[in-house]
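Chain by chain, the residues run as shown.
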Amino acid sequence: MSSPYATLPEFEYARPSTLEEALKLLAKYGEEAKVLAGGVGLITFMLERLVSPRIVIDIKKIPELRRIEYTEGKGLVLGAAARISEITRYMDSNPRVREKYRALYEALSRIADLQIRNRATIGGNICEALPFMDSYAPLALFDAKLRIASVEGERETTITDFVKGPGFLDLAPNELLVSIELPDPPRESRSGFSKIVPAIEYSVASVAMLVANPVDPRSREVRIAVSAATPAPIRVREAEEVFRREGDIVDLLDAALDRMTSAIKELVIEDPYASAEYRLEMLKVQAYILFKRLLDSFLQERG
Amino acid sequence: MKVRFKVNGVEREIEVEPYELLADVLRERLGLKALKKGCWRGECGLCTILMDGEPVKSCIILAVEADGSEIYTVEGFSEDGRPSPLQESFIRNAGLQCGFCTPGFIVVGEYLARKPRISKEEVKYALSGTICRCTGYKQIVDAVLEAHQEYRKE
Ligand SMILES: Cc1cc2nc3c(=O)[nH]c(=O)nc-3n(C[C@H](O)[C@H](O)[C@H](O)COP(=O)(O)OP(=O)(O)OC[C@H]3O[C@@H](n4cnc5c(N)ncnc54)[C@H](O)[C@@H]3O)c2cc1C
Ligand code: FES
Ligand code: FES
């Protein structure tokens, strides 16, 4: 007899060693299959009987899916099954890469805890599809491209097109997320990530921001992405555009935050964890603090 | 399915069902009863083991996933029945009261104390995945830092 919470429902297990093999299994079993990466999400969902697949397909032993690689000019490529701790360790040993993708580093190194980061993968974090997933805002910030494969071929999408809402992805049952590619950010850019985690362990409002060339209105760029407060991650381009106006960058912040508010207000989540009003306010406060922090870091450098 | 792994230094081979959890196999099938489950869902850290040198929560890992790995449970750190330097440090610093959380903290603690370098802040942050309802954590942090000094001498 198996009871929920204490035991898992029965399933078959496959551990393909190539991508092709994994895709064939997915094509064969379709909705009866579930992909297992780190298992942090899938196993807890199975314990709670939220899902009961006929077969679990473990993708961790496929070398191609474990890649972590930075190439100058091309950017950072992360295999979907690269573990969170492997990615942050790679960045720690390549500080230049860490600084280029600082917002991603800050988000990943604060996911859950040490033990979970040693299992959870970037692809699993993306595919768990809950609003608070910490990878979302930074991936939107860096214009990440997601490579999706099936036996029929490959396609490319973005995080904001891929994640539709809680538990809802643009992913067919026979498809697999293969890799995440982050193109090189603008030269000399700074970025950061911030989240609000109340007594529950998940963020209710997350912001990622990037600033490049703050002084020159023609070349400067500010990027803002939000998640956790909204059902799916959003690049707030309406607010980003404000920084293209003439004038001192500092004087544009208030107008940009107003634009952010009007652009996303209708989408903000209201639930027992946090009111929509609180979430929106926390997005603004964090955007403000991040902006100051990033600008300060430019100033410090110029001495 | 057949699983082969090294547990606390000993090669083991065991037949498991794909849906058996690693924590259950280690505890119930291999008799490592110091390893315990508290929350059964990845939150409390009580079931922490070292898998290929890294602390992980064994209640959310399938036994089949551990095939080919090297595992240490809390049983694996004492030598000839003598407590390890970290375990001694837990006793000296009163790193436990009721003792319920101790199997988890010893495993993460051994991992942290044996690092070449570690700061107090890092210890605090790294212990955040393991929950203690009694000590208030200070004694646990102290115990890990003190053991770290000893391991560094070795
Ligand atoms: C105690 C605890 C605390 C947590 N705290 C945080 C936190 O602070 N921040 C945060 O962001 N998250 C948090 N989480 C969630 C955790 O980060 C995710 O569960 C984890 O990242 C999922 O990754 P995984 O590799 O374990 O995925 P899995 O559990 O293996 O998979 C998750 C889902 O994605 C699917 N999937 C996985 N990989 C692929 C792929 N390549 N292609 C298609 N589908 C795929 C699976 O089928 C499954 O449905 C927490 C979880 C726990 C248990
Ligand atoms: S029993 Fe595994 S984390 Fe609580
Ligand atoms: S000593 Fe009682 S829970 Fe930690």
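Quick caveat: nothing in here was measured; it's all calculated off a predicted structure.

### A closer look at the overall build of chain A
- Regarding its fold elements, chain A presents twelve helices and 14 strands.
- Computed over the C-alpha atoms, the radius of gyration of chain A is 20 Å, within 12% of the 19 Å expected from 2.2 N^0.38 for a compact globule of 303 residues.
- Projecting the C-alpha coordinates of chain A onto the three principal axes gives extents of approximately 65 × 45 × 35 Å.
- By the burial criterion, 57% of the 303 residues in chain A qualify as buried.
- Across chain A, contacts joining residues at least 24 apart in sequence account for 62% of those joining residues at least 6 apart.
- Working note: accessible area of chain A is about 13300 Å², and carbon and sulfur atoms make up 50% of it.
- Here chain A holds 41 positive side-chain charges and 46 negative ones, and the gap between their average locations is 4 Å.

### Considerations on the packing of helix α3 (residues 102-113) of chain B against helix α5 (residues 138-153) of chain B
Residues and elements named next belong to chain B.
- At a closest axis distance of 9 Å, the pairing of α3 and α5 adopts a crossing angle of 40°. With respect to each other, α3 and α5 are oriented oblique. In the crossing of α3 with α5, the sense of the turn from one axis to the other is right-handed. Contacts from F105, G109, E110, L112 and A113 of α3 reach α5 at I140, V144, A147, H148 and Y151.

### Notes on the confidence of the model for chain B
- Looking at chain B, the pLDDT average stands at 96 and 100% of residues meet or exceed 70.
- As a predicted assembly, this complex carries a pTM of 0.97 together with an ipTM value of 0.97.

### Examining the side chain of N174(A)
- Along the chain, N174(A) turns up in the loop between β9 (168-169) and β10 (176-182).
- Discounting residues that sit within four places of it in the chain, N174(A) has contacts with L26(A), A27(A), A149(A), S150(A) and E152(A).

### A short note on the interface of chain B and chain A
- Taken together, the contacts link 31 residues of chain B with 32 residues of chain A.
- Contact between chain B and chain A buries roughly 2500 Å² in total, counting both sides, with carbon and sulfur atoms accounting for 57%.
- When the buried surface of chain B facing chain A is broken down by residue, Y19(B), I60(B) and E65(B) rank first, second and third, together holding 26% of it.
- For the pair chain B and chain A, the interface holds six salt bridges.
- The partner of D67(B) in a salt bridge is R15(A), and the shortest N-O contact between them spans 3.1 Å.

### Topic: the sheet that holds strand β2 (residues 33-36) of chain A
Residues and elements named next belong to chain A.
- Strands sit in the order β1-β3-β2 across an open sheet of three strands; the sheet is parallel. In the strand order of this sheet, the two ends are held by β1 (12-14) and β2, each with one partner. Looking at each pair of strands side by side, their axes are set apart by 25° on average, direction ignored.
- Bridge count between β1 and strand β3 (residues 55-58): three bridges; the pairing is parallel.

### Digging into unusual backbone geometry
- The phi dihedral of E188(A) falls on the positive side, at around 55°, and the residue is not glycine.
- The backbone phi angle of W40(B) is positive, close to 65°, even though this residue is not glycine.
- Its location among the elements puts W40(B) in the loop between α1 (22-29) and β3 (48-51).

Parameters and conventions
Numbering of residues starts from 1 in every chain and runs along the sequence as written. Ligands are numbered from 1 and chains lettered from A, in the order in which they are written. The predicted origin of the model limits local features to residues at a pLDDT of at least 70 and limits the giving and counting of side-chain atom pairs to 80 or more, whereas totals for whole chains, interfaces and linings rest on all residues. Hydrogen atoms and water are omitted, and side-chain values are computed over all heavy atoms in the structure. Here a strand is any run of E in DSSP of at least two residues, a helix any run of H or I of at least four, and the numbering for each starts at the N terminus. This radius of gyration counts C-alpha atoms alone. The globule rule is 2.2 Å times how many residues there are, raised to the power 0.38. Accessibility here uses a 1.4 Å probe with only protein chains present; expressed as a share of the type maximum, an area under 20% marks a residue as buried, one over 50% as exposed, and anything in between as partly exposed. We call two residues in contact whenever any of their non-hydrogen atoms come within 4.5 Å of each other. With residues, only the protein chains shown are counted as cover, and all accessible areas are computed by Shrake-Rupley using a 1.4 Å probe. In this tally, Lys and Arg are treated as positive and Asp and Glu as negative; His is ignored, and so are the chain termini. Every charge is mapped onto a representative atom, which is NZ of Lys, CZ of Arg, CG of Asp or CD of Glu. Lines are fitted to the C-alpha atoms to define the axes, a helix being fitted only along its stretch in contact, and any angle between axes, read from their N-to-C directions, falls within 0 to 180 degrees. In these notes the angle categories are as follows: under 35 degrees is roughly parallel, over 145 is roughly antiparallel, 65 to 115 is roughly perpendicular, and the rest is oblique. Handedness of a crossing is defined here by the sense of rotation of the near helix relative to the far one, left-handed for an anticlockwise turn of less than a right angle and right-handed for a clockwise turn. Confidence of the prediction at every residue is given by pLDDT, a number between 0 and 100. What counts as buried area is the accessible surface, traced by a 1.4 Å probe, that two parts surrender upon association, with contributions from both included. Each reported salt bridge corresponds to a side-chain nitrogen of Lys or Arg within 4 Å of a carboxyl oxygen of Asp or Glu. DSSP-based pairing: two strands are paired if at least 2 bridges between them are found.

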